[in-house]
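What follows is each chain in one-letter form.
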Amino acid sequence: MTNLDQLQPIHLRGFELRVIGLPLVRPFRTSFGTQNDRRILLVRAIADEGDGWGECVSGDDPLYSSEYVEISHHVMIHHLIPRLLTADGAPLHATDVARLLEPVKEHRMAKGALEAAVLDAQLRANGVPLTTALGSVVDRVPSGVSVGIHDDIDSLVRTIGGYLDEGYVRIKLKIEPGSDIEPVRVIRQTFGDAVPLQVDANTAYTRDDGAHLARLDRFGLLLIEQPLPEDDVTGHAIIARQVVTPICLDESIVSARAAVDAIERGACSIVNIKAGRVGGYLEAVEVHDVCRERGIPVWCGGMLETGIGRAMNLALAALPNFTLTGDVSASERFWARDIVRDPIVLEHGHVVLRTGPGTGVELDHDFIASVTLSSETVLRR
Ligand code: SMG
Ligand code: MG
């Protein structure tokens, strides 16, 4: 990672919190629910040197984690932003943000979004791309797609066939008890053993399900993601001893410290990194680093981001230990129209990094205005 402290700091004036609403191109069903649309909390850092934008990955409801749009908005306004808009108006580095927000427990998605906006603003002001700042080593990354639970197997096969035709190089299937072994068997039977395939349970199983999950072993999956509840790290270690397929953690890994703990306890041999889940892109790089030092490969997760979050995820996914294909898909996987002028597209199974200053994306402000549900600006007093 570039030494961000050597960049010129910015003089932060305030933040705009803007909630937009976008329909999904098709419903997305996971073990915790079905989503038809998304409200997304966008954050604009307003600085003397210019603006920066970040995106909060909190969901509509507290189902993936305890965070959700209203709670993230509330904690930003009442607890986080006041800690960044200090009375003395001292210049701010993006690297200061996590430390200033540390006294507030959890709310990592909210913290991560504020840091992302400050980071974008500071990098733009310095003319430095996020890719350079994070330490990206490639200019494009292979693209995987996450496929929701389907009511019937025929439609699942059609959906996956469509994504493979589009060029996605890896399929991740959402599973839950009652929709796991059979859909995986049919996918293997239909598309063959060569298709890189993995499953994600979003905490839907229990410690008693080791023998059941071991039935997935014969399908040669890349990994099983987060079978048990997030706080059951030891349970994952128990499951990991019962299955041959590697166990990957998502929800459980909320920091670099949590990653070290899970790895040392034998709970996972692969880690899914999502910046929002760990409190920001700078902590995400730390997670990458501690995994790399311990020989644990990582991949970049997704949270149904718009082009802002997608461009940032791409920069992260280009770090050297991201040796497994991530969930950074094209904008059109979820959105009929993205909020950036140059949506992320699939090119021969890859997605290409943005190289302009900051996130490198240009926002479609007219479209954003047309899908805005609320907007609030907080300025330094
Ligand atoms: O952005 O492509 C994407 C979605 C990837 O499946 C995906 N994410 O648990 O990994 C995960 C899920 C969480 C999304 S539901 C909020
Ligand atoms: Mg997951």
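Residues numbered from 1 in each chain as written. Chains lettered and ligands numbered in written order. Predicted model: local features only at pLDDT ≥ 70, side-chain atom pairs only at ≥ 80, totals over all residues. Heavy atoms only, no water.

Trainee: Before we go on, may I ask you to explain the site of ligand 1 in this structure?
Mentor: With respect to spatial proximity, 17 residues lie near ligand 1, and among them S146, K172, N202, K274 and L304 are the closest. Between ligand 1 and D200, the relevant distance is 3.0 Å, taken from an oxygen atom to a side-chain nitrogen or oxygen of the residue. In the environment of ligand 1, an oxygen atom lies 3.4 Å from a nitrogen or oxygen atom belonging to the side chain of E225. In isolation ligand 1 exposes 440 Å². Once the protein is present, 96% of that is buried. (Near = heavy atom within 4 Å. Polar contact = N/O pair within 3.5 Å; in protein donor to acceptor, adjacent residues only side chain to side chain. Areas by Shrake-Rupley, 256 points an atom, 1.4 Å probe, with all protein chains shown as cover.)

Trainee: Would you explain the coordination of the magnesium ion (ligand 2) in this entry?
Mentor: In an ideal tetrahedron of four donors about a metal, each angle is 109.5 degrees. In an ideal octahedron of six donors, the angles are 90 or 180 degrees. Those donors, D200 (OD), E225 (OE) and D250 (OD), are the protein atoms that reach the magnesium ion (ligand 2), and they lie 2.1 to 2.3 Å from it. All donors to the magnesium ion (ligand 2) come from one chain, and their sequence spacing reads D-x24-E-x24-D. Of this pair, E225 sits in strand β8 (residues 224–225) while D250 sits in the loop between β9 (247–249) and α9 (256–264), and the two are 25 residues apart along the sequence. Accessibility assignment for this pair places E225 and D250 in one class, buried. (Donors = N, O, S within 2.8 Å, 3.2 Å for Na, K, Ca; no water. Helix = DSSP H or I, 4+ residues; strand = E, 2+ residues; numbered from the N terminus. Buried < 20%, exposed > 50% of the residue type's maximum accessible area, 1.4 Å probe, protein only.)

Trainee: Any chance you could explain the packing of helix α2 (residues 94–101) against helix α3 (residues 108–126) here in plain terms?
Mentor: Pairs of packed helices are described in terms of their axes, by the angle between the two and the distance that separates them. Viewed as axis vectors pointing N to C, α2 and α3 meet at an angle of 160°, and their least axial separation amounts to 8 Å. One element, α2, and the other, α3, form an angle in the roughly antiparallel class. The chirality of how α2 crosses α3 is right-handed. Facing A94, V97, A98 and L101 of α2, the residues of α3 in contact are K111, L114, E115, V118, L119 and Q122. Taken together, the residues of the contact of α2 with α3 break down into seven nonpolar, one polar and two charged. (Axes fitted to C-alpha atoms, helices over the stretch in contact; angles between N-to-C directions. Parallel < 35°, antiparallel > 145°, perpendicular 65-115°, else oblique. Left-handed = near helix turned anticlockwise from the far one by under 90°. Contact = heavy atoms within 4.5 Å. Nonpolar A, V, L, I, M, F, W, Y, C, P; charged D, E, K, R; others polar.)

Trainee: What's the story with the sheet that holds strand β2 (residues 33–47) in this structure? I'm lost.
Mentor: Backbone hydrogen bonds hold the strands of a sheet together, and the pairing may be parallel or antiparallel. The strand order across the open sheet formed by four strands is β3-β2-β1-β13, and the pairing between neighbours is antiparallel. Of all strands in the sheet, those bounded by a partner on one side alone are β3 (50–56) and β13 (372–379). Here the average twist between neighbouring strands, direction ignored, is 20°. Bridging between strand β1 (residues 12–30) and β13 involves seven bridges; their strand directions are antiparallel. When the bridges of β13 are listed, R18 appears paired with S375. (Pairing = 2+ DSSP bridges.)

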